[in-house]
Amino acid sequence: IRAVPDGIPTNGVVLMVPGFTGSKEDFYALLPLVAALGWDTWAISQRGQADSVAPRGIDAYASRHLAGDVVEVARAIERVTGADRVHLLGHSFGGTVSQAAVIADPSPFKSLTLMCSGPHGWPGRHDIDRRMLLEHPGTDLWRLNNPERADAPDAELGGELFYRQRAEATSTDELLAALDQLADVHDTTYEVAESHLPVMVCHGADDPAWPQDWQRRMARMLKARYAVIPRAAHCPNMENPVDTAVLLDDFWTDVQRK
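Here the structure is a predicted model, which is why all the values come from computation and not from measurement.

What counts, and at which threshold
- Residues numbered from 1 in each chain as written.
- Predicted model: local features only at pLDDT ≥ 70, side-chain atom pairs only at ≥ 80, totals over all residues.
- Heavy atoms only, no water.
- Salt bridge = Lys/Arg side-chain N within 4 Å of Asp/Glu carboxyl O.
- Buried < 20%, exposed > 50% of the residue type's maximum accessible area, 1.4 Å probe, protein only.
- Helix = DSSP H or I, 4+ residues; strand = E, 2+ residues; numbered from the N terminus.
- Expected span 1.5 Å × (residues − 1).
- Arc of directions from axis to C-beta.
- Pairing = 2+ DSSP bridges.
- Right-handed = clockwise from strand over helix to strand, strands pointing away.
- Phe/Tyr/Trp six-rings, centres within 6.5 Å; stacked < 30°, edge-to-face > 60°.

Peer 1: When you look at the pattern of salt bridges in this model, what are you seeing that I'm missing?
Peer 2: Side-chain pairs of opposite charge can arise where the charged atoms are in close proximity. Overall, the coordinates contain 18 salt bridges when judged by the stated rule. Among the ionic pairs, R149 bridges to E148, the shortest N-O distance being 2.5 Å. For R149, a relative accessible area of 25% gives the class partly exposed. Each of the salt bridges in this network shares a partner with another, and the network as a whole consists of D140, R143, D151 and E168.

Peer 1: Before we go on, may I ask you to explain helix α2 (residues 63–81) in this structure?
Peer 2: Spacing of three or four residues puts side chains on the same side of an α-helix, whose turn is 3.6 residues. Along its 19 residues, α2 runs 27 Å from first to last C-alpha, staying within 8% of the 27 Å computed at 1.5 Å per residue. Residues of α2 that are buried include every one of L66, A67, V70, V71, A74, I77 and E78, and no others. The arc that holds the buried residues of α2, viewed along the axis, is 140 degrees, so those residues lie on one side. α2 presents R64, E72, R79 and V80 as exposed residues on the side facing more than 90 degrees away from its buried surface. Following α2 by one or two positions, G82 adopts a phi angle in the positive range, close to 75 degrees.

Peer 1: Is there a simple way to think about the pairing of strand β7 (residues 225–229) in this case?
Peer 2: Both faces of the sheet carry side chains from a regular strand, because those side chains alternate between them. Strand direction decides the pairing type here: strand β6 (residues 199–204) and β7, joined by 5 bridges, are parallel. Bridge pairing links M200 to R225 in β7. In this fold, the crossover linking β6 to β7 by way of helix α10 (residues 212–222) has right-handed handedness.

Peer 1: Sorry, what's going on with unusual backbone geometry here?
Peer 2: A negative phi angle characterises most non-glycine residues, just as the trans form characterises most peptide bonds. At C116, a residue that is not glycine, the phi angle is positive and equals roughly 55 degrees. Tracing the sequence through the fold places C116 in the loop between β5 (109–115) and α4 (127–135). With a phi angle near 50 degrees, R231 is a residue other than glycine that sits in the positive phi range. Along the chain, R231 turns up in the loop between β7 and α11 (236–239). For R231, a relative accessible area of 61% corresponds to the exposed category.

Peer 1: Hey, could you run me through the packing of aromatic side chains in this one?
Peer 2: The relation between two aromatic rings is expressed through the spacing of the ring centres and the mutual angle of the planes. Tallied over the entire structure, the rule returns 4 aromatic pairs. For the ring pair W122 and W210, a centre distance of 6.5 Å and an interplane angle of 85 degrees mean the geometry is edge-to-face. One end of the pair, W122, is in the loop between β5 and α4; the other, W210, is in the loop between β6 and α10, with 88 residues separating them in the sequence. A centroid spacing of 5.5 Å and a plane angle of 65 degrees characterise the contact between F162 and Y163, whose relative ring orientation is edge-to-face.

So this is what it looks like as structure tokens:
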């Protein structure tokens, strides 16, 4: 999906990458706000997420393939827009993939924003989700996590209907591969630093999903800008999109001036 500035000059181009169980729709609230501040803004679903193409086999979702997709999309956006590189934002697991992308090839990117995303994972992470997916093949993760509403009529779900439909369309192979990467203890901070990109690390004030001290330490090691977004937890893009948009605009504007 894409949101373009309307009647104002374009400051630059942005690509946003969603996290685990996510899709491009996670940025619906944020995209128009960022576009209104002058940014030509794009968001993708990663391979296997929601309506994206879903190749078979866990190996099809290895980090190198997910990172390669982000690089390829960034280059396509450059061609379409004529942009001189793209500001990259990764949310949560999308931040893990975005780190791998700038490590693989930093040349299409102007900056990197890691939102609610850490430097590495830890063993046993999401073990319950993994076990449920393996023990109930063919059942989507939303139903497994919401058994009391798994088979409720569409009309009873309201806004949750989208989450059930998205989970139905999401590849189990993609989820299992993402879980492997989220549990990986390899710290990529120094490799990201070698990209020499300007970096911002930010998270919600109440983010419970990735240790906040890890995120602060990563920011220090990268000599990155560090920001805490008020009135938000793990998804500032949905929980407080207004303050998130202002923060992103300030960071990207500063990068553009340099």
